[in-house]
Amino acid sequence: MAEVSLDVERREERGKNFARRIRKAGRVPAVVYGGDKDPVAITVDHKTMGELLSKSEHGVRSIFLLQMAGSDQKRHAMVRDIQLDPMTGKMEHIDFVRVMMDHLVKVTIPVHLQGLADGVKNSGGILEFQVRELHIECLPTAIPDSIDVDVTALGIHDVLRIEDLTIPEGVKVLDDSDRVVVSVGVPRAEVTAEVVEAVEAVAEPELIKKGKGEAEEEKK
């Protein structure tokens, strides 16, 4: 995974009033922590950060090289959390966590489905997408953008579990390997028909039994 350079500025002031001022000036308050070092309060340019997140190939899973303005200090980090304004959707605060490039990291990556399942295309089945994210552990440089799953060959009642996925070398999945990622269920019409048949199968003996009882009463 390629790193993304981001210029940051150290901030000494704290408080809501200061935060409002820097946001009005187009910057976002942030903090860098982790790596057995003290947290460092910084600010980043709102527009630049937004463009990097939206245009970067890796988005929030990017490895950022934070370059402190006015010094030669540099530090690799990843985005741990972004707080958004509920009304405007603008970034209000960003948490960065320091990253050692030779140390394993734990991240969440999306699962992307590819193709149209045969059971959906030709049998009217229903695709059930159950696991949309995977929790993984790997080196920062080995973080994949996503895990792509080809569902083309899936027929009715077929399932793909985590253990069936193709995982890149050097990446360890932390989720239960037996979890179902995607499956193809039967069409709703067939499900309804099966339910009706089951009800009729249960009801029919009861009707027969009742009929025999009535016949015995008539003999008496």
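Cut-offs and rules
Residues numbered from 1 in each chain as written. Predicted model: local features only at pLDDT ≥ 70, side-chain atom pairs only at ≥ 80, totals over all residues. Heavy atoms only, no water. Salt bridge = Lys/Arg side-chain N within 4 Å of Asp/Glu carboxyl O. Helix = DSSP H or I, 4+ residues; strand = E, 2+ residues; numbered from the N terminus. Buried < 20%, exposed > 50% of the residue type's maximum accessible area, 1.4 Å probe, protein only. Arc of directions from axis to C-beta. Contact = heavy atoms within 4.5 Å. Core = buried A, V, L, I, M, F, W, Y, C linked by side-chain atoms within 4.5 Å. Pairing = 2+ DSSP bridges. Polar contact = N/O pair within 3.5 Å; in protein donor to acceptor, adjacent residues only side chain to side chain. Axes fitted to C-alpha atoms, helices over the stretch in contact; angles between N-to-C directions.

Visitor: Could you clarify how one ought to interpret the pattern of salt bridges in this entry?
Guide: A pair can form between side chains of opposite charge whenever their charged atoms are brought close. Enumeration over the complete set of coordinates arrives at two salt bridges. For the salt bridge of Glu 9 with Arg 27, the shortest nitrogen-to-oxygen distance reads 3.8 Å. Here Arg 27 lies in strand β2 (residues 27-34) and Glu 9 lies in strand β1 (residues 3-10), a separation of 18 residues in the sequence. Residue Glu 9 is classed as partly exposed on the basis of its relative accessible area, which comes to 37%. One salt bridge connects Asp 178 with Arg 161, and the closest N-O pair in it is separated by 3.8 Å. Of the two residues, Asp 178 sits in the loop between β12 (172-173) and β13 (180-185) while Arg 161 sits in strand β11 (residues 159-161), which places them 17 residues apart along the sequence. Taking relative accessible area as the criterion, Arg 161 reaches 26% and is therefore assigned partly exposed.

Visitor: How should I be thinking about helix α1 (residues 16-24) in this particular structure?
Guide: The periodicity of an α-helix, 3.6 residues per turn, causes residues three or four places apart in sequence to face the same way. Of all the residues in α1, the buried ones are Phe 18, Ala 19 and Ile 22. Down the axis of α1, the buried set is contained in an arc of 100°. They therefore lie on one face. Summarising the geometry of α1, the exposed residues directed more than 90 degrees from the buried face are Lys 16, Asn 17 and Lys 24. For α1, the elements touching its buried residues are β2 and β3 (37-45). Downstream of α1 by one or two residues, Gly 26 has phi in the positive range, about 90°.

Visitor: What am I meant to see in the nonpolar core here?
Guide: In a soluble, globular protein the nonpolar side chains are often hidden away together inside. Membership of the largest hydrophobic core comes to 26 residues, with the highest contact counts inside it found for Leu 134, Ile 143 and Val 181. If you list the elements that add at least two residues to this core, you get β7 (105-114), β9 (133-138), β10 (147-150) and β13. Ranked by residue count, the leading element in this core is β7, at four residues. Contact partners of Val 181, with chain neighbours within four places excluded, come to Val 111, Glu 128, Phe 129, Gln 130, Val 131, Leu 160, Arg 161, Ile 162 and Leu 165. Residues Val 4, Val 28, Met 49 and Phe 96 belong to the second largest nonpolar core, which totals 20 residues.

Visitor: What should I look at first to understand the sheet that holds β10 in this one?
Guide: Taken together, the four strands give an open sheet; going across it, the order is β10-β7-β9-β12, and neighbouring strands pair in mixed fashion. A strand with exactly one partner marks an edge of an open sheet, and here the two such strands are β10 and β12. Judged from the six bridges that link them, β7 and β9 form a sheet pairing that is antiparallel. Its bridge partner being in β9, Ile 109 is matched across the sheet by Leu 134.

Visitor: Honestly, the side chain of His 93 in this entry has me stumped. Any pointers?
Guide: When you line up the elements, His 93 lands in strand β6 (residues 91-98). A relative accessible area of 17% means that His 93 is categorised as buried. Within the structure, His 93 has its side chain in polar contact with the side chain of Asp 95 (distance 3.1 Å). Setting aside anything within four residues of it in sequence, one finds His 93 in contact with Arg 11, Val 28, Pro 29, Ala 30, Val 31, Asp 81, Ile 82 and Gln 83.

Visitor: How do you make sense of the sheet that holds β3 when you look at a structure like this?
Guide: Strands belonging to one sheet form pairs held by backbone hydrogen bonds; the direction of such a pair is parallel or antiparallel. Spatially, six strands are ordered β1-β3-β2-β6-β5-β4 in a closed barrel, and the strand pairing comes out mixed. In this sheet, neighbouring strand axes are inclined to one another by 45° on average, regardless of whether the strands run parallel or antiparallel. Alignment of strand β4 (residues 63-68) against strand β5 (residues 74-84), held across four bridges, turns out to be antiparallel. Bridging from a neighbouring strand, Leu 65 pairs with His 76 of β5. Here α1 sits on the sheet in contact with β2, β3 and β6, set at roughly 120° to β2.

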